[in-house]
Amino acid sequence: MEQESSKSLQKLRGLRREHKELINLMPLQTGGILTNAAREALIEFADGYSVCDFCQGSLCNVSNPPIRDFVQELLPQFLGCEVATVTHGAREAKFMIMHSLARPGDSILVDANKHYTTVVAAERVGLNVIEVPNSGHPEFKVDVNEYAPLIKEHAPKLILLTYPDGNYGNLPDAKRLGEISQEYDIPYVLNGAYAVGRMPLSMEQIGVDFIVGSGHKSMASAGPAGVTGMKKKWEEVVLRKSGKYRNKDIELLGCSIRGVPLITLMASFPSVKERVQHWDEQVSKAQWFSAELEKLGFRQLGEKPHRHDLLHFDAPALYEISKRVREKGYFVYKELKERGIWGPQPGLARSFKVSTFAVDRQQLGYVIDSFKAILSKYA
Ligand SMILES: Cc1ncc(COP(=O)(O)O)c(C=O)c1O
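Predicted model only: the values in this text are computed from it and were never measured.

**Q** Explain the site of the ligand here, please?
**A** Neighbouring the ligand are 15 residues; Ala90, Arg91, Ser214, His216 and Lys217 lie closest to it. At 2.9 Å, a side-chain N or O of Asn191 approaches a nitrogen atom of the ligand. In this structure, an oxygen atom belonging to the ligand sits 2.9 Å away from a side-chain N or O atom of His216. Burial of the ligand by the protein chains amounts to 93% of its free accessible area of 400 Å². Of all the secondary structure elements, the ones that give two or more residues to the shell around the ligand are helix 4 (90-101) and helix 9 (215-218). Tallying contributions element by element places helix 4 first for the shell around the ligand, with 3 residues. For the shell around the ligand, the per-class residue count stands at 4 nonpolar, 8 polar and 3 charged.

**Q** Is there a simple way to think about the pattern of salt bridges in this case?
**A** Pairs may arise between side chains of opposite charge once their charged atoms sit close together. A complete count under the given rule lists 18 salt bridges for this structure. When the shortest N-O distance is used, the salt bridge between Arg176 and Glu179 registers 2.9 Å. Pair noted here: Arg176 and Glu179 are both in helix 7 (residues 174-184), with a separation of 3 residues, about one helical turn. Owing to a relative accessible area of 27%, Arg176 belongs among the partly exposed residues under this scheme. For Glu179, a relative accessible area of 44% gives the class partly exposed. In this structure, Asp309 and Arg198 form a salt bridge, with 2.7 Å as the shortest nitrogen-oxygen distance. Of this pair, Asp309 sits in the loop between strand 9 (299-300) and strand 10 (310-314) while Arg198 sits in the loop between strand 6 (188-191) and helix 8 (203-206); the two residues are 111 residues apart in sequence, bridging distant segments of the chain. Both residues of the pair, Asp309 and Arg198, count as buried. Through salt bridges with shared partners, a single network forms among Arg326, Glu327 and Lys334.

**Q** Any chance you could explain the domain arrangement of the protein chain here in plain terms?
**A** Where interface size is quoted, it is often the accessible area lost as the parts come together. Segmentation of the protein chain into domains returns domain 1 (2-33 + 278-377) and domain 2 (36-275). Between domain 1 and domain 2, the C-alpha centre-to-centre distance is 28 Å. Each side of the interface is counted separately: domain 1 has 23 residues, and domain 2 has 28 residues. Here domain 1 meets domain 2 over a buried area of about 2100 Å², counting both sides, of which 49% is carbon and sulfur. Between the two partners, domain 1 and domain 2, sit 1 salt bridge. At the boundary of domain 1 with domain 2, the tally comes to 22 residue pairs in polar contact (both at pLDDT 80 or more).

About the cut-offs
Residues numbered from 1 in each chain as written. Predicted model: local features only at pLDDT ≥ 70, side-chain atom pairs only at ≥ 80, totals over all residues. Heavy atoms only, no water. Near = heavy atom within 4 Å. Polar contact = N/O pair within 3.5 Å; in protein donor to acceptor, adjacent residues only side chain to side chain. Areas by Shrake-Rupley, 256 points an atom, 1.4 Å probe, with all protein chains shown as cover. Helix = DSSP H or I, 4+ residues; strand = E, 2+ residues; numbered from the N terminus. Nonpolar A, V, L, I, M, F, W, Y, C, P; charged D, E, K, R; others polar. Salt bridge = Lys/Arg side-chain N within 4 Å of Asp/Glu carboxyl O. Buried < 20%, exposed > 50% of the residue type's maximum accessible area, 1.4 Å probe, protein only. Domains from an automatic or database assignment. Contact = heavy atoms within 4.5 Å. Buried area = accessible area lost by both parts, 1.4 Å probe.

Shown next, in the form of structure tokens:
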């Protein structure tokens with residue numbers, strides 16, 4: 001037993017990450033790669049409660065480092081909202097909102113492309129989750145007009161839209177859903193885990209009550225970190241304070257991200273604010289890459305033309321190869337890794353997801369050539 005535990009301790013020495021230097025196409029990771037400024041701040045503020053040197057009881061009011069300016073001025077401008085806060089991630093934000101607006105046994109309405117964390121957050125509150133269907137293979141589109149009859153039928157406490165979803169990168173008509181939510185006077189939550197920090201987005205322009213973002217997913221931040229914007233009218237409901245400790249948020253258990261994740265989120269923010277202005281270039285790069293992979297026989301799922309860097313492909317040719325090689329589906333991972341590429345989920349060959357966000361066209365050209373080489377190697 002003692003021998004085993006010393007082996008386990010040994011493994012904790014000199015921890016390293018294998019894929020750090022590879023071309024990164026992993027959808028979960030491309031938007032969360034730190035800026036140099038964040039990498040520096042990470043070391044500077046690495047110690048535990050580092051951001052709390054001058055805290056007077058409320059994280060979002062700390063002026064050194066400038067958390068107050070970030071949360072109370074910069075984030076609301078960026079999100080186009082009246083009030084903002086920081087959370088541990090998108091899922092915690094969704095839970096916080098659901099827990100504040102609904103009671104066990106209530107229903108909520110979400111799109112069929114929702115992330116699993118939406119459902120788990122609802123389960124934790126004890127809610128019934130009703131789904132607005134998608135159009136199925138190959139586009140999996142959500143028509144937001146289908147929310148209206150389901151609102152009438154189920155009287156949900158809130159509606160939620162995933163924008164874009166994490167499976168196909170589809171961007172449904174969020175603005176139209178804003179009109180519907182106003183017509184029925186139902187609070188509307190936009191899950192922008194893959195949008196906030198990648199593309200320009202204004203809560204006010206879309207007409208939502210809440211917007212949820214993920215720092216480690218799309219804001220060049222260490223994890224776990226998230227942001228939430230809301231209309232002023234929800235501040236008292238969602239950011240209500242403890243009866244005993246007047247400056248402590250109940251839903252956030254006092255304070256949320258208190259250390260490295262927050263400081264990296266802040267340090268990257270100037271670059272993130274700037275990078276969303278170049279979203280058009282991201283979209284055209286993704287479309288070009290998708291068209292090139294389709295020439296190799298892969299089929300892009302989700303909306304076409306695609307409007308996001310997250311791309312999902314059916315890959316029948318890779319699947320056929322996986323059936324006859326020793327490594328099965330892992331051969332794709334192995335072949336790509338040997339070529340310095342990291343992205344598609346190891347083990348999957350029938351279909352795979354990639355994100356073109358963190359790489360340039362030249363690197364993508366190399367990725368395309370690598371797929372060509374793999375296909376011809378096994379032809
Ligand atoms: C669409 C979507 N929403 C939410 C999440 C969860 O984000 P977080 O880790 O910030 O809770 C993910 C993560 O994969 C996602 O893809």
